[in-house]
Amino acid sequence: MSKQAANKPYKLVSRSSHLESTVVRVGKHFVGDGSPTVIAGPCSVESREQILDIAEELKLCGAHMLRGGAFKPRTSPYSFQGLGIEGLEYLAEARQATGLPVVSEVMDTDSLPAALDYIDVIQVGARNMQNYPLLRAVGKTTKPVLLKRGLSATIEEWLMAAEYILNEGNSNVILCERGIRTFETATRNTLDLNAVPVVKDLTHLPILIDPSHGVGIARYVPAMSMASLAAGADGLLLEVHPTPETALSDGEQSLTPLQFHQLMKRVEHYVAFQASFDMETSLYG
Ligand code: PEP
Ligand code: MN
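Residues numbered from 1 in each chain as written. Chains lettered and ligands numbered in written order. Predicted model: local features only at pLDDT ≥ 70, side-chain atom pairs only at ≥ 80, totals over all residues. Heavy atoms only, no water.

**Concerning the packing of aromatic side chains**
Put simply, the rule is: Each pair of aromatic rings taken from Phe, Tyr and Trp, with Trp reduced to its six-membered ring, is defined by centres within 6.5 Å and is described as stacked if the planes are under 30 degrees apart, edge-to-face if over 60, and tilted in the remaining cases. Strands here are runs of E lasting at least two residues and helices are runs of H or I lasting at least four, both read from the DSSP assignment and numbered beginning at the N terminus. Each residue is placed in one exposure class: buried if its accessible area under a 1.4 Å probe, protein chains only, is under 20% of its type's maximum, exposed if it is over 50%, and partly exposed if it falls in between.
Summed over all chains, the structure comprises 2 aromatic pairs. With a centroid separation of 6.1 Å and 25° between ring planes, the pair formed by F273 and F277 is classed as stacked. Here F277 and F273 lie together in helix α9 (residues 257-284), a separation of 4 residues that amounts to about one turn. The exposure class of F273 is partly exposed, given its relative accessible area of 48%. Since its relative accessible area comes to 41%, F277 is described here as partly exposed.

**Focus on the coordination of the manganese ion (ligand 2)**
For the record, the criterion: Shown as donors are all N, O and S atoms within 2.8 Å of a metal ion, widened to 3.2 Å for Na, K and Ca; because water is not in the atom set, sites may appear incomplete.
For the manganese ion (ligand 2), the full set of protein donor atoms is C43 (SG), H213 (NE2), E239 (OE) and D250 (OD), at a range of 2.1 to 2.4 Å. Read from N- to C-terminus, the donor residues coordinating the manganese ion (ligand 2) fall into the pattern C-x169-H-x25-E-x10-D. With a gap of 170 residues between them, C43 in the loop between β3 (37-41) and α1 (48-61) and H213 in helix α7 (residues 211-215) connect regions that are remote in the sequence. The buried category is assigned to C43, whose relative accessible area is 2%.

**What about the packing of helix α8 (residues 221-231) against α9?**
Spelled out, the test is: To get an axis, a line is fitted to the C-alpha atoms, and for a helix only the part in contact is used. The angle between two axes follows their N-to-C directions and goes from 0 to 180 degrees. Any angle that falls under 35 degrees is termed roughly parallel, while one over 145 is termed roughly antiparallel, one within 65 to 115 roughly perpendicular, and all others oblique. For a crossing to be left-handed, the near helix must be turned anticlockwise from the far one by less than a right angle; the clockwise case is right-handed. Only heavy atoms enter the contact rule, under which two residues are in contact if any of them lie within 4.5 Å.
The geometry of α8 relative to α9 is characterised by a closest axis approach of 10 Å and an angle of 20° between their N-to-C directions. Between α8 and α9, the crossing angle belongs to the class labelled roughly parallel. Judged by the sense of rotation from one axis to the other, the crossing of α8 with α9 is right-handed. In this structure, α8 uses P222, S225, M226, L229 and A230 to contact α9, whose residues at the interface are L263, R266, V267 and Y270.

In structure tokens:
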């Protein structure tokens, strides 16, 4: 643990309270065990057919979990708000068909109890990172929580949000960097990859990167996915849509299944390269 990690306001999430990195178990999968976790799926669950079809494709490409929003936090009240419980039912059906655990956002404490029946990982979205009643409520469950960084949150504020969850007894927290607001307008957000080594130093919790929201433009997503892994992230959260041009939300940043397949090949090569590099350094290092 570095000097930077000592004497922080967060106690339970701090490396100083827990030197070993936390590995979060989701079904048969382990997040933070040294090999990258890939969670993929559409921004929103749009129909039964859409989610069942894409789930099969993602599974074939090697994804470890399926994402899809049923309750959507939209900037405009006139935009598609998600299918709600019906969307969760389709996600559960997709899990049944593929064996992929499902990750979905819960926006408020009212919908949490019902959502728990369907999902494997509770996503707390960027806009809700400081919704303290929600953080407390998810902290009282035993389900893994994917805690996204707020749009304008500092790393310390983000870790304090995680502290709320651990403080209620749930230590299955996975952090997710998804880009922050800066003066830059060429991309939707600015993906803060500084957060990876900093978070690894300050806390024992695993960290995933969401380059889809971080960049907001599909053609830049593969480069930033590989950069995330090179920085030491524990995995990726990626938006993939069968037909991005007709998506009801976030089509501009969604990969096609073919683009996702190509990216997964690069990830596999990277993992193999890392393993041979580690072997070499342990032999000659
Ligand atoms: C999402 O994952 O689709 C989403 C709404 O993310 P964020 O909360 O990071 O904006
Ligand atoms: Mn989205």
